[in-house]
Amino acid sequence: MMFAPDYRTIFDQNNRFAWLVFDYLDKMPQAITAELFASIETGGALTNPQLFCILMQEFMGLDVEKNQLHQVFDREYFPLTVHQLDANIYKQNDYYKNIAIGAQKLGNWEFCLSHYEPYEAFVCNDLLLTAEMREVPQIGFFSEPFSYPAVHQNGREWMAIKPSEIESMREVIDEVKGRVVTFGLGMGYFAYMASQKAEVENVTVVETDEQVIKLFNKVVLPQFANPQKVTVVKMDAFQFMSQRMPHCGFNYAFVDLWHDAADGLELYLRTKRLEHLSPQTQWRYWVENVLLSAYRWNYMQKVPKDLNNDDLLMQISNQNLRKMALSGK
């Protein structure tokens, strides 16, 4: 007989696992080195991701033999969390191949190349949500050094075209067609990839930062294969959504105004409340699962403790959370 999982327990496990993973990424992302990896002989019994998981657990101080919660992490989370990425696949990405980012400065902004060390751990995609409502962070590593273009502001990385950007935008880039608007310019990755598609007529980019626009126009846009498809509008995103967008007939909108859930949830909810002004537009959001996870956490603080398991599942599902966001609840 199959029993439904206890979603309150899973919610607690999600939070505990997330804290473990992001504490690791914050404090020791380079703890696993090429030398350490090469020094361990498994006789082929383990794949590289499996060995990486074991080493991460060691550095996290987990005891998967005696601790039941750690056993859950080992069984339900880690196998879905860690991924070895192939650097050669990313090097074939059209943006990486065709857009050359040299050292360039404009005011306090600077184009440069950043890199990951071999076996350095990093977020590589949007959060994975399983059928059991397990929220699984997506962590990647390369077995060789990997460089990626970035923009620094006052010496701090502000924007970058990392594997996480490529993977978390892949689905929406594959989907968009017709007239497209995107909110947030960044380094122009979405605009470039969308403008490459024959099915995309044009891409309107809404950005408020004049320096970012100047950098893009000076360094990136001249390298586009189809620059005539791209129009950059210097305007507040929400002003554009409420005043200009309803009259433009966009087929798709892609919103990328945040760095993560910390600064993104409020912006996401504010945008969702404006969707109704452009009902003909298909709205898509960068790392929406991460944002909905933060929304779910806030909502769970208000859920009655006597709410039954089935009703709880319905209320905290992504589908229902999106409906709540649209209505401004």
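Quantities reported herein were computed from a predicted structural model and do not represent experimental measurements.

Undergrad: Would you explain the overall build of the protein in this entry?
TA: Of regular secondary structure, the protein possesses 14 helices and 14 strands. Taken over the C-alpha trace, the protein has a radius of gyration of 21 Å; the compact-globule value for 329 residues is 20 Å, and the two agree within 12%. Taking the principal axes of its C-alpha atoms as reference, the protein extends roughly 60 × 50 × 35 Å. In the protein, buried positions account for 48% of the 329 residues.

Undergrad: I keep staring at the sheet that holds strand E10 (residues 178-183) and nothing clicks. Help me out?
TA: Each strand in a sheet pairs with another by means of backbone hydrogen bonds, the pair being arranged parallel or else antiparallel. Read across the open sheet, the 5 strands follow the order E12-E11-E10-E13-E14; overall the sheet is parallel. The two strands at the open ends of the sheet, each matched to only one other strand, are strand E12 (230-234) and strand E14 (282-285). The sheet shows a mean angle of 20° between the axes of neighbouring strands, taken without regard to direction. Two elements, E10 and strand E11 (residues 200-207), share 6 bridges in a ladder whose sense is parallel.

Undergrad: So what exactly am I meant to see when it comes to the pattern of salt bridges here?
TA: Oppositely charged side chains can form a pair if their charged atoms are brought close together. Counted under the stated rule, the structure contains 13 salt bridges. As a salt-bridge pair, Glu-76 and Arg-134 come within 3.9 Å of each other at their nearest N and O atoms. Here the residue Glu-76 occupies a position in helix H4 (residues 68-81), and Arg-134 occupies one in the loop between strand E5 (128-129) and strand E6 (135-136), the gap between them amounting to 58 residues. Accessibility expressed as a relative area gives 25% for Glu-76, which makes it partly exposed. For Glu-275, the salt bridge identified is with Lys-272, shortest N-O distance 3.0 Å.

Undergrad: Is there a simple way to think about unusual backbone geometry in this case?
TA: Only a minority of non-glycine residues have a phi that is not negative, and only a minority of peptide bonds are not trans. Phi at Met-133 takes a positive value of approximately 70°, unusual for a residue other than glycine. Looking at the element boundaries, Met-133 is found in the loop between E5 and E6. The class of Met-133 is buried, set by a relative accessible area of 8%.

Undergrad: I'm lost on the packing of aromatic side chains in this one. Help?
TA: The geometry of two aromatic rings is summed up by the distance between their centres and the angle between their planes. What the rule picks out here adds up to 26 aromatic pairs. With a centroid separation of 4.3 Å and 25° between ring planes, the pair formed by Phe-37 and Tyr-119 is classed as stacked. Taken as a pair, Phe-37 in helix H2 (residues 34-39) and Tyr-119 in the loop between strand E3 (109-116) and strand E4 (122-123) lie far apart in primary sequence, 82 residues in all. A relative accessible area of 7% means that Phe-37 is categorised as buried. The exposure class of Tyr-119 is buried, given its relative accessible area of 9%.

Undergrad: Before we go on, may I ask you to explain the sheet that holds strand E9 (residues 156-160) in this structure?
TA: Reading across from one edge, E2-E3-E8-E9 is the order of the 4 strands in this open sheet, with antiparallel pairing throughout. The sheet is open, and its two borders are formed by strand E2 (104-106) and E9, each paired with just one other strand. Across the sheet, the mean angle from the axis of one strand to that of its neighbour is 45°, orientation sign disregarded. In this structure, E3 lies alongside strand E8 (residues 146-153), joined through 8 bridges in antiparallel fashion. Residue pairing in the sheet places Trp-109 in a bridge with Gln-153 of E8.

Undergrad: Which parts of the structure should I look at to understand the packing of helix H11 (residues 261-272) against helix H14 (residues 318-327)?
TA: To characterise two packed helices, one gives the angle between the axes of the helices and the distance between these axes. In contact at an axis separation of 7 Å, H11 and H14 are set at 70° when each is read in the N-to-C sense. It follows from the interaxial angle that H11 and H14 lie roughly perpendicular. Contacts between H11 and H14 involve Tyr-268, Leu-269 and Lys-272 on the former and, on the latter, Arg-322, Ala-325 and Leu-326. Among the residues forming the contact of H11 with H14, the class breakdown is 4 nonpolar, no polar and 2 charged.

Undergrad: Just checking my understanding: could you explain the packing of helix H12 (residues 288-300) against helix H13 (residues 309-316) for this structure?
TA: Where H12 contacts H13, the axes come no closer than 10 Å and their chain directions differ by 135°. For the element pair H12 / H13, the angle class is oblique. Across the interface between the two elements, Arg-296, Tyr-299 and Met-300 from H12 touch Leu-312, Gln-315 and Ile-316 from H13. For the contact of H12 with H13, a count of residues per class yields 4 nonpolar, 1 polar and 1 charged.

Undergrad: Any chance you could explain the pairing of E10 here in plain terms?
TA: The two faces of the sheet receive side chains in turn, since in a regular strand these alternate between them. For E10, the tally of buried residues reaches 5 of 6 residues, placing the bulk of the element in the interior. Handedness of the crossover is the feature at issue here: the chain leaves E10, passes through helix H8 (residues 189-195), returns alongside E11, and the resulting connection is right-handed. In terms of strand pairing, E10 meets strand E13 (residues 252-255) through 4 bridges, oriented parallel. The residue bridging Phe-183 from the neighbouring strand is Val-255, located in E13.

Undergrad: So what exactly am I meant to see when it comes to the nonpolar core here?
TA: The tendency in soluble globular proteins is for nonpolar side chains to be buried as a group. Core analysis: the largest hydrophobic core is formed by 110 residues, its most contacted members being Tyr-95 and Phe-183. Among the elements that line this core, the one with the most residues is helix H1 (residues 7-27), at 7 residues.

Undergrad: Hey, could you run me through the side chain of Thr-81 in this one?
TA: Inspection of the secondary structure assignment puts Thr-81 in helix H4. We classify Thr-81 as buried; its relative accessible area is 0%. Of the polar contacts made by the side chain of Thr-81, one reaches the backbone oxygen of Pro-137; its length is 3.5 Å. Beyond its immediate chain neighbours, meaning those up to four positions away, Thr-81 contacts Phe-17, Val-136, Pro-137, Gln-138 and Ile-139.

About the thresholds
Residues numbered from 1 in each chain as written. Predicted model: local features only at pLDDT ≥ 70, side-chain atom pairs only at ≥ 80, totals over all residues. Heavy atoms only, no water. Helix = DSSP H or I, 4+ residues; strand = E, 2+ residues; numbered from the N terminus. Rg over C-alpha atoms; globule rule 2.2 N^0.38 Å. Buried < 20%, exposed > 50% of the residue type's maximum accessible area, 1.4 Å probe, protein only. Pairing = 2+ DSSP bridges. Axes fitted to C-alpha atoms, helices over the stretch in contact; angles between N-to-C directions. Salt bridge = Lys/Arg side-chain N within 4 Å of Asp/Glu carboxyl O. Phe/Tyr/Trp six-rings, centres within 6.5 Å; stacked < 30°, edge-to-face > 60°. Parallel < 35°, antiparallel > 145°, perpendicular 65-115°, else oblique. Contact = heavy atoms within 4.5 Å. Nonpolar A, V, L, I, M, F, W, Y, C, P; charged D, E, K, R; others polar. Right-handed = clockwise from strand over helix to strand, strands pointing away. Core = buried A, V, L, I, M, F, W, Y, C linked by side-chain atoms within 4.5 Å. Polar contact = N/O pair within 3.5 Å; in protein donor to acceptor, adjacent residues only side chain to side chain.

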